[in-house]
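A structural walkthrough
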Amino acid sequence: MASTDSIVFYDIASAPPLRTFSPNPWKTRLALNLKGIPYRTEWIDMPDIASLRERLGVPATRTLPDGSPYHTLPVINDPSTGAILGDTFEIALYLDRTYPCPTYPVLILPNTTGLTAAFNAHIDGLFTKYVALCDQMPWDPRIADTVKSIFAQRFGITSYEDLQLKGEAREQTLAALESALGELAKAYRHTGGTTDYVWRPTGTESALAQRPPPGREQTGPYLDGERPAYADCIVGAWLKMMEACMPPEEWARVRTWQGGLWGGVVDGLESICSVDKRRRLETKVRAMADEDEAHQDTDEQL
Ligand SMILES: N[C@@H](CCC(=O)N[C@@H](CS)C(=O)NCC(=O)O)C(=O)O
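Report on the accompanying structure.

Basis of the calculations
- Residues numbered from 1 in each chain as written.
- Predicted model: local features only at pLDDT ≥ 70, side-chain atom pairs only at ≥ 80, totals over all residues.
- Heavy atoms only, no water.
- Helix = DSSP H or I, 4+ residues; strand = E, 2+ residues; numbered from the N terminus.
- Contact = heavy atoms within 4.5 Å.
- Axes fitted to C-alpha atoms, helices over the stretch in contact; angles between N-to-C directions.
- Parallel < 35°, antiparallel > 145°, perpendicular 65-115°, else oblique.
- Left-handed = near helix turned anticlockwise from the far one by under 90°.
- Nonpolar A, V, L, I, M, F, W, Y, C, P; charged D, E, K, R; others polar.
- Near = heavy atom within 4 Å.
- Polar contact = N/O pair within 3.5 Å; in protein donor to acceptor, adjacent residues only side chain to side chain.
- Areas by Shrake-Rupley, 256 points an atom, 1.4 Å probe, with all protein chains shown as cover.
- Pairing = 2+ DSSP bridges.
- Right-handed = clockwise from strand over helix to strand, strands pointing away.
- Expected span 1.5 Å × (residues − 1).
- Buried < 20%, exposed > 50% of the residue type's maximum accessible area, 1.4 Å probe, protein only.
- Arc of directions from axis to C-beta.
- Phe/Tyr/Trp six-rings, centres within 6.5 Å; stacked < 30°, edge-to-face > 60°.

This part is about the environment of glycine 236. Relative to the helices and strands, glycine 236 is located in helix α8 (residues 230–245). Residues within four places of glycine 236 in sequence aside, it is in contact with Leu30 and Leu269.

Quick look at the structure:
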């Protein structure tokens with residue numbers, strides 16, 4: 001249960017009922033839930049992020065095209081150590097350092113920090129290209145007009161509505177997203193090298209020969225093994241954004257692409273997606289920590 005000593009997690013407020021919908025806060029929420037660390041959420045309206053960060057003394061980690069600071073969430077404040085952090089990757093590293101294995105499951109496996117950072121940048125780049133498809137962000141009606149004018153000003157357009165993708169252009173963007181996700185799907189199927197044929201029914205003989213027997217392919221829901229790591233939270237965070245912000249019929253299509261891989265990834269993370277029902281997770285998270293301890297014992301014996 002969250003107490004007064006619990007981590008305070010600042011997330012971007014949606015319309016009621018309050019829920020997480022933006023990708024970077026999702027990364028941190030998934031990470032906190034995966035580790036099973038008690039926390040409470042403070043919901044911040046998007047136009048108030050800059051003043052929050054200034055009040056907490058957390059410098060901006062991004063810059064707008066005109067060079068001015070771009071204040072973002074998530075931020076966490078951990079009263080037990082006094083740490084206040086405002087960058088998702090920094091937060092993941094901090095959580096692993098401060099809440100270590102074996103008491104807590106590990107987010108970033110040993111010797112994969114650089115790899116995970118590069119993966120994070122790659123995934124952010126991949127999904128950002130298609131973010132115009134996420135045009136149903138659940139802004140609170142109280143601030144929706146302000147948010148839209150902030151975005152319009154940022155993109156140098158007169159109306160937020162000009163950002164909307166429609167008709168054929170939208171279909172083409174969906175097709176490009178499917179293809180980009182097809183590339184990413186290769187990372188989930190540790191077979192067939194990097195050829196396109198990993199996720200297509202036909203292929204070169206050598207690619208076909210690398211496939212395991214039907215039913216024994218690695219098809220997620222996690223990138224590696226039987227449990228999620230931070231890399232899974234990164235992909236999961238963007239998919240959860242699509243689930244929350246795309247027209248439902250389009251999200252339903254994304255779920256089915258690459259043999260239903262993306263639906264499976266989101267469903268596989270379901271137990272760590274909860275906003276406030278942490279108790280449900282505790283048994284599962286404890287089991288994961290035990291597993292990490294077992295791995296560590298094995299490593300030490302080698
Ligand atoms: N590099 C930062 C990026 C965080 C970020 O871009 N957050 C977005 C939400 S996904 C945000 O707060 N945007 C506020 C805005 O657009 O004004 C991190 O990893 O924490």
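A few words now on the packing of helix α6 (residues 167–188) against helix α9 (residues 248–268). The relative placement of two packed helices comes down to the angle between their axes together with the axis-to-axis distance. Packing of α6 against α9 leaves a shortest axis separation of 10 Å and a crossing angle of 15°. On the basis of the axis angle, α6 is roughly parallel to α9. Two packed elements cross with a definite hand, and for α6 against α9 that hand is right-handed. Mapping the contact onto sequence places Arg170, Glu171, Leu174, Leu177, Glu178, Leu181, Gly182, Leu184, Ala185 and Tyr188 in α6 and Glu250, Arg253, Val254, Trp257, Gln258, Leu261, Trp262 and Val265 in α9. Considering only residue class, the contact of α6 with α9 consists of 11 nonpolar, 2 polar and 5 charged.

Tracing the backbone through its elements, the reader meets histidine 71 in the loop between β4 (69–70) and β5 (75–78). The contacts of histidine 71, once residues within four sequence positions are left out, are Ile49, Ala50, Arg53, Glu54, Val58 and Ala60.

Before going further, it helps to spend a moment on the site of the ligand. Among the 17 residues in the neighbourhood of the ligand, the closest are listed as Arg62, Tyr70, Leu73, Thr88 and Arg154. Contact between the ligand and asparagine 24: an oxygen atom at 3.4 Å from a side-chain N or O atom of the residue. Measuring from an oxygen atom of the ligand, one finds a side-chain N or O atom of arginine 154 at 2.7 Å. With the chains in place, 87% of the 520 Å² that the ligand exposes on its own is no longer accessible. Top contributing element to the shell around the ligand by residue count: helix α1 (residues 23–35), with 3 residues. For the shell around the ligand, the per-class residue count stands at 8 nonpolar, 6 polar and 3 charged.

Moving on, we come to the pairing of strand β2 (residues 39–44). Where strand β1 (residues 7–12) meets β2, 6 bridges bridge the pair, whose relative direction is parallel. When the sheet's bridge partners are listed, phenylalanine 9 is paired in β2 with threonine 41. Once you follow β1 into α1 and on to β2, the crossover reads as right-handed.

So, on to helix α5 (residues 144–155). Every α-helix winds through 3.6 residues per turn, so residues three or four apart in the chain are directed the same way. Between the first and last C-alpha of α5 there are 17 Å, a value that for 12 residues agrees with the 16 Å anticipated at 1.5 Å per step. Within α5, the full set of buried residues consists of Ala144, Val147, Phe151 and Ala152. Down the axis of α5, the sector holding all buried residues measures 135°, keeping them to one side. Counted as exposed and oriented over 90 degrees from the buried face of α5: Asp145 and Gln153.

If you trace the 4 strands from one edge of the open sheet to the other, you get β2-β1-β5-β6, paired in mixed fashion. In this open sheet, the two edge strands, each paired with only one partner strand, are β2 and β6 (83–85). Averaged over all adjacent pairs, the angle separating strand axes in this sheet is 15°, with direction ignored. Sitting on the sheet, α1 is in contact with β1, β2 and β5, with an inclination near 150° to β1.

Turning our attention to the packing of aromatic side chains. Taken as a whole and judged by the stated rule, the model has 9 aromatic pairs. Residues tryptophan 139 and phenylalanine 151 carry aromatic rings whose centres are separated by 6.3 Å and whose planes lie at 50° to one another, so their mutual orientation is tilted. With a gap of 12 residues between them, tryptophan 139 in the loop between α4 (113–128) and α5 and phenylalanine 151 in helix α5 connect regions that are remote in the sequence. Here tryptophan 139 matches phenylalanine 151 in class, with each residue buried. On the accessibility criterion, phenylalanine 151 (14% relative accessible area) is buried.

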